[in-house]
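So you can see what is in the structure, the chains are spelled out below.
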Amino acid sequence: MAIFTENIGKVSVGEPVSWDRDAALLYALSIGAGRPDATDGIEYTTENSFGIQQKVFPTFAVILGGSGGSMDHLGDFKLHQILHGGQSLVLHCELTAQGIVTPRSYMSAVYDQGKNAIIELTTELVDPEGQLVATSVTSMVIRGENGYGPRPEAAGGWTWPEGEPESVIEQATSVDQALLYRLNGDRNPLHSDPVMASKVGFPKPVLHGLCTYGMAALALLRGNKQLSERGLGSITARFAAPVFPGQVLETRIWNTADGALFQVLADGKIVLDRGVATSAAVVAEGAAELQDAAAN
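This report concerns the structure included in the present document. Note that the coordinates shown come from a computational prediction; the quantities given were computed from them, not determined experimentally.

Within the structure shown, the criterion is met by four salt bridges. Residue Arg-230 pairs with Glu-285 through a salt bridge whose shortest N-O separation is 3.4 Å. Of this pair, Arg-230 sits in helix 6 (residues 225–230) while Glu-285 sits in helix 7 (residues 280–295), and the two are 55 residues apart along the sequence.

And the structure:
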C-alpha cells in the first residue's frame, strides 16, 4: 500500500455545490448558535428578524467542498487507516445566504508524523464568476504509512501562548447534537449508530470533528473582540481527541495582534489543539499585499 505522491498538485474539479437559506440556518443551529440565548447570533439562525439581515456562519464553507471528490487518486490505503487530523479554512469573501460554488481539490503535501503519514488535501471553492470564495485544507492521518520525509517548512508551526487565556468560553453540547449535525451531509454512522461506534472502540457515537471546529469558531466570535468586530477570516486547528455528545466544551482564547490562539477542552482533555484564528480584515490586507506585489 502507498500514497500516490505523483498526484501531488493534480487538480480534481467536483460537481457544483449549491445551498439555500435553510441549509445555512441548519448549519448554524447544529453548531450551537442560538444557545443558551436564542437572540445571541440571531443573524445566523433566522432569515426574517426585524432589521436584521441573514448572515452565513463562516465555517459553513467547510461542508461545501465535501471530501474533495474520489479518494482513489490519493493512494491505495484502506479507509480504516484514515483519521481526520486537522482542518484549516480561509475565507476570501463573505458567504451569501444562498449560492453555488465549484470545488477544486488537490493533494498539496505528504509528510511523516511519527509512524504515520499526513496527507494535506486542499479544496478551493469558486463561484460562477470565477471568484475564489474560500480555501480549506484537510489534514488526513494515514495510519501505518510513512517514509515520505519531514513536514515542509512552509507548513509552519505553533507556539504555546504565554500566560493565562484572556477568555474562556463554555459551551454545552446537546445529547442529540451529532444527530442534528449529520443533516449537513456527513452521514457517517460513527456519529449516530452505537453498533458502529463500538466496533471502532467507542462506548457510544462521537460528535463530528467539524462540529467541534464550528463550535470553536462560535466561541472565538463570542470571546475575542477583534474577531467579533472585524469578522473571522481564517481558522486552523488540530483534532486531538473525540468529543461525545453531551460533554461541555471549554474554549481557551489568547488574544493576538491578528486574532487569537486557542485550545478546546472537554472534561479537562484537549480535543482541539494548536488553534489559530485571524480576522477577515487581516486576510483581506494580506490578499491586497499579494495583488500589489504581483502588479509590480
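We are not done yet, so read on.
This part covers the side chain of Ser-139. Among the secondary structure elements, Ser-139 is positioned in strand 6 (residues 132–142). What makes Ser-139 buried here is its relative accessible area of 16%. In contact with Ser-139, other than residues within four places in its own chain, are Leu-83, His-84, Gly-85, Gly-86, Ile-118, Ile-119 and Glu-120.

A few words on the environment of Gln-247. By secondary structure assignment, the location of Gln-247 is in the loop between strand 8 (232–239) and strand 9 (248–255). Between the C-alpha atoms of Gln-247 and Thr-123, which are 124 residues apart in sequence, the distance is 31 Å. With residues near it in sequence (within four places) discarded, Gln-247 still touches Gln-171, Ala-172, Thr-173, Pro-242, Ala-266 and Asp-267. A polar contact is formed between the side chain of Gln-247 and the backbone nitrogen of Phe-244, at a distance of 2.9 Å. Of note is the side chain of Gln-247, whose polar atom sits 2.7 Å from the side chain of Asp-267.

What follows is about helix 5 (residues 209–223). Between its first and last C-alpha atoms helix 5 spans 21 Å; for 15 residues at 1.5 Å apiece the expected length is 21 Å, and the two agree. Of all 15 residues that make up helix 5, 13 are buried, and the element is covered over most of its length.

Basis of the calculations
Residues numbered from 1 in each chain as written. Predicted model: local features only at pLDDT ≥ 70, side-chain atom pairs only at ≥ 80, totals over all residues. Heavy atoms only, no water. Salt bridge = Lys/Arg side-chain N within 4 Å of Asp/Glu carboxyl O. Helix = DSSP H or I, 4+ residues; strand = E, 2+ residues; numbered from the N terminus. Buried < 20%, exposed > 50% of the residue type's maximum accessible area, 1.4 Å probe, protein only. Contact = heavy atoms within 4.5 Å. Polar contact = N/O pair within 3.5 Å; in protein donor to acceptor, adjacent residues only side chain to side chain. Expected span 1.5 Å × (residues − 1).

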